[in-house]
Amino acid sequence: MEAETLKRLLDGNQPALGEALAQFNKHNAQVFSFSNLTTTGQWTVLWNRLFEYLREQPEAVAPGSWLADCLMAVKILCRDKTYLNEVVRAEQLDCLLELAGIGDAARSDTARKVSEDVQVEALKCLSNLIFQSRKCQELCLNNSSTEGILKRIKTYKDESVSYDIRYFDMKVLFLLTAINCDIRTKVRDELHGLTYLIETLHLFMNQASEAKEFSDKDLELINEVLKILFNLADRTASKTVPEEEDATQFHRLVIVIHDLFFYRTLNRDKIVSLHSNIVNLLTSIPVSCYNELTTPLNGDESTSKTCVPFEGRNVFVLSVLVEFLRKHLPMAEKKSQQYELLSPILTVLIKAVGASGLNRRYIRSVILPPLVNVMDRPEVGDELRNHLCSLLTSPCTQIAYLSAELLFVLCKENVGRMIKYTGYGNAAGLFANRGLLGGRQGNTEQYSSDSEDSDTEEYKQIQHAINPVLGCYEPPKPNPLEGMSDEQKEHEAMKLVALMDQLQRQGIVQPCKIGADGRPQPVEHILELQDEIPEQQRDHKRKT
């Protein structure tokens, strides 16, 4: 920074100050570190000086552009957080809240009347400060920041509040509720933020065009509200049964979310962002509310592009969620991206299929249709089933678990049906974790008894030649023991036992047997596996 510009900023000479602020902002528009100021102590001096100007000058004396430039300088300075926690004070935040129109002083009779540009710049300053400073986050717990925004939200319905102010209101509230759990609790429980934000979401939808088509600005506002709602809803994600008031609010929210899927936009990137935020929010919604995602069929909508009829209901929203998964699966080829991209949508689909039999039957018809191609392994191919089966052995254990959980529920927790669609090898991890090894079944009692299997002719013709471990057709192979005497067979078997024992001693493998709980239990010696042979033979006789 030029020494002359800094000198004029610190001198505070009114005629030269406006020009100095403009030069400072232009010169440092892309600067994020002010080591030249922090090492000399001038950063702190300049910071305090700027707030003196903001507090002392009414807009009648300091034109709106002057105040806006001063606020812009504050916003630029707080990009460097070296001394931010040390210098930021409650009265400085109160000054910004007043200029943003959400402080206690802003609502008094003696409040300064400032322009929209000044309010927007003050909100941007608050946004930067909340993001950069832990002390600022703590101070916001006791000031009027959250109350001020929620009170202004109530005025949105008369459309007198501009888009920029609404947008940065939402930005500030998102940061407050995302970073500080105490503020999140305050907004939700004391200030009834969940109620107000659901109404705000509905309001923004109603203020869009009657043709149900969002502009980019509409979507930006709605996405910000959805992110705040996620912060608030996430607090009850671990509750088994939400409180009565929460249950009512969540049902209202899911109804609004359902309607949100029916809006259109010409910007495909924006609609993907919208659906991503909806999916993230749905991860924190109780399963009991998921039935609101489908509606009874209306005769007038049967030919609409937004109607997907299934068993007398419109399951368009479920079809969009499944399509969301389909589009994200190829994007998650990098293992490092799997959790971020797939965890939310897999969680939502698991909740959806657990909410009702109709949801499960529809999603199963799309993900696990009757088998036609059983010549290839289940994890090979471009269908949803193939992609999900490939995830069963993913090194990202959370994704492997979620994929297995979704497929298992779609199979009505039937072990045999799971093996049919995925192969025993792919599903072995799930069976081991759930104690379902050795032929045990899952919790099948909760599902209806009517069968949903409709084996295709292609499947029936080669069913006898399907390898259940691989989950696909395996051509006959010659018997490697054919022509051997009993002594030779016994010799080969003992060689195999010796090799396995050697691998065990070296710690390369750990042989196991199935315990009473249906889970694998390590054995001390390979010969202990012989104890299970009589039981396996009895199981085989019962099955045949």
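Parameters at a glance
- Residues numbered from 1 in each chain as written.
- Predicted model: local features only at pLDDT ≥ 70, side-chain atom pairs only at ≥ 80, totals over all residues.
- Heavy atoms only, no water.
- Helix = DSSP H or I, 4+ residues; strand = E, 2+ residues; numbered from the N terminus.
- Buried < 20%, exposed > 50% of the residue type's maximum accessible area, 1.4 Å probe, protein only.
- Areas by Shrake-Rupley, 256 points an atom, 1.4 Å probe, with all protein chains shown as cover.
- Salt bridge = Lys/Arg side-chain N within 4 Å of Asp/Glu carboxyl O.
- Pairing = 2+ DSSP bridges.
- Contact = heavy atoms within 4.5 Å.
- Axes fitted to C-alpha atoms, helices over the stretch in contact; angles between N-to-C directions.
- Parallel < 35°, antiparallel > 145°, perpendicular 65-115°, else oblique.
- Nonpolar A, V, L, I, M, F, W, Y, C, P; charged D, E, K, R; others polar.
- Phe/Tyr/Trp six-rings, centres within 6.5 Å; stacked < 30°, edge-to-face > 60°.
- Lys NZ or Arg CZ within 6 Å of the ring centre and 35° of its normal.
- Arc of directions from axis to C-beta.
- Core = buried A, V, L, I, M, F, W, Y, C linked by side-chain atoms within 4.5 Å.
- Left-handed = near helix turned anticlockwise from the far one by under 90°.

Engineer: Can you tell me about the overall build of the protein chain, naming the residues and giving the values?
Structural biologist: For the protein chain, the helix and strand inventory stands at 26 helices and seven strands. Evaluated residue by residue, the protein chain yields a buried proportion of 47% over its 544 residues. Carbon and sulfur atoms provide 51% of the accessible area of the protein chain, an area that totals close to 27,300 Å².

Engineer: Kindly report on the pattern of salt bridges, identifying the contributing residues and their values.
Structural biologist: Applying the stated criterion across every chain yields a total of 17 salt bridges. Between lysine 186 and glutamate 147 there is a salt bridge; the shortest N-O distance is 3.0 Å. Taken together, the residues lysine 186 in helix α12 (residues 181-190) and glutamate 147 in helix α10 (residues 145-153) connect sequence positions 39 residues apart. For arginine 188, the salt bridge goes to aspartate 189, with nearest N and O atoms at 3.8 Å. Sharing partners across several salt bridges, the network here consists of Lys75, Glu121 and Lys124.

Engineer: So what's going on with the sheet that holds strand β1 (residues 295-296)? Which residues, and what values?
Structural biologist: Within the open sheet, the three strands sit side by side as β1-β3-β2. Their pairing is antiparallel. Each edge of the open sheet carries a strand with a single partner, namely β1 and β2 (309-310). Examined bridge by bridge, β2 and strand β3 (residues 313-314) share two bridges and lie antiparallel to one another. Pairing of proline 309 across the sheet is with asparagine 314, part of β3.

Engineer: Report on the environment of histidine 258, specifying residues and quantitative values.
Structural biologist: Its place among the elements puts histidine 258 in helix α15 (residues 244-260). Judged by its relative accessible area of 7%, histidine 258 falls in the buried class. Discounting chain neighbours no more than four positions away, the residues touching histidine 258 are Glu292, Leu293, Thr294, Thr295 and Val317.

Engineer: Lay out the packing of α12 against helix α14 (residues 216-233) with the relevant residues and their values.
Structural biologist: Direction vectors running N to C along α12 and α14 enclose 95°, while the axes themselves pass 9 Å from each other. The angle between α12 and α14 falls in the class roughly perpendicular. Listed contacts from α14 to Arg184, Val187 and Arg188 of α12 are Asn231, Leu232 and Ala233. For the contact of α12 with α14, a count of residues per class yields three nonpolar, one polar and two charged.

Engineer: Before we move on, can you summarise helix α20 (residues 384-391) with the specific residues and values?
Structural biologist: Taken across its eight residues, α20 has six buried, putting it largely inside the fold. Buried residues belonging to α20 abut α17 (316-328), α18 (335-355), α19 (357-367), α21 (397-410), α22 (415-422) and α23 (424-434).

Engineer: I'd like a rundown of the packing of aromatic side chains, residues and numbers included.
Structural biologist: Inspection of every chain in the model, using the stated rule, returns ten aromatic pairs. With a centroid separation of 6.4 Å and an interplanar angle of 15°, the aromatic rings of phenylalanine 24 and phenylalanine 34 are classed as stacked. Residue phenylalanine 24 is located in helix α2 (residues 14-27), and its partner phenylalanine 34 is located in the loop between α2 and α3 (35-38); the two are separated by ten residues in the primary sequence. In this pair, the class of phenylalanine 24 matches that of phenylalanine 34, namely buried. Residues tyrosine 156 and phenylalanine 204 carry aromatic rings whose centres are separated by 6.0 Å and whose planes lie at 20° to one another, so their mutual orientation is stacked. Remark: phenylalanine 204 occurs in helix α13 (residues 193-206) and tyrosine 156 occurs in the loop between α10 and α11 (163-179); sequence separation between them is 48 residues. In this structure tyrosine 156 comes out as buried when scored by relative accessible area, which is 0%. Phenylalanine 204 sits in the buried class, given a relative accessible area of 4%. One aromatic cluster is present, formed by Trp43, Trp47 and Phe51 through successive ring pairs. The ring of tyrosine 156 carries the charged tip of arginine 166 above its face, separated from the ring centre by 5.0 Å. Looking at lysine 227, its charged tip hangs above the ring of phenylalanine 174, at a distance of 5.1 Å from the centre.

Engineer: How would you summarise the environment of alanine 100 if you had to cite specific residues and measurements?
Structural biologist: By the secondary structure assignment, alanine 100 is in helix α7 (residues 90-100). Sequence-wise, alanine 100 and serine 145 are 45 residues apart; in three dimensions their C-alpha atoms are separated by 9.7 Å. Ignoring anything within four residues of it in the chain, the contact list for alanine 100 reads Gln119, Ala122, Leu123, Leu126 and Arg152.

Engineer: How would you sum up helix α1 (residues 3-11)? Please name residues and give values.
Structural biologist: Listed in full, the buried residues belonging to α1 are Thr5, Leu6, Arg8 and Leu9. Axial view of α1: buried residues confined to an arc of 160°, hence all on one face.

Engineer: Explain the side chain of glutamine 137 residue by residue, including any values.
Structural biologist: Tracing the sequence through the fold places glutamine 137 in helix α9 (residues 134-140). Overall, glutamine 137 belongs to the buried group, its relative accessible area being 8%. Excluding anything up to four places from it in sequence, glutamine 137 contacts Ile130, Phe131, Ile179, Asn180 and Ile183.

Engineer: Report on the nonpolar core, specifying residues and quantitative values.
Structural biologist: Among the nonpolar cores identified, the biggest contains 152 residues, and Trp47, Leu54, Leu321 and Phe431 are the most heavily contacted of them. Those residues in contact with tryptophan 47, other than ones at most four positions away along the chain, are Val74, Leu77, Cys78, Leu84, Val87, Gln92 and Leu129.

Engineer: Explain the packing of α1 against helix α4 (residues 42-56) to me, and be specific about the residues and the numbers.
Structural biologist: Running from amino to carboxyl end, α1 crosses α4 at an angle of 45°, the nearest separation of the two axes being 9 Å. Judged on the interaxial angle alone, α4 and α1 are oblique. Like other packed secondary-structure pairs, α1 and α4 cross with a definite hand, here left-handed. Contact with α1, carried on its side by Leu6, Leu9, Leu10 and Asp11, involves Gln42, Val45, Leu46, Arg49 and Tyr53 of α4 and no other residues of that element. Its residues assigned to classes, the contact of α1 with α4 comprises six nonpolar, one polar and two charged.

Structural measurements only, silent on function.
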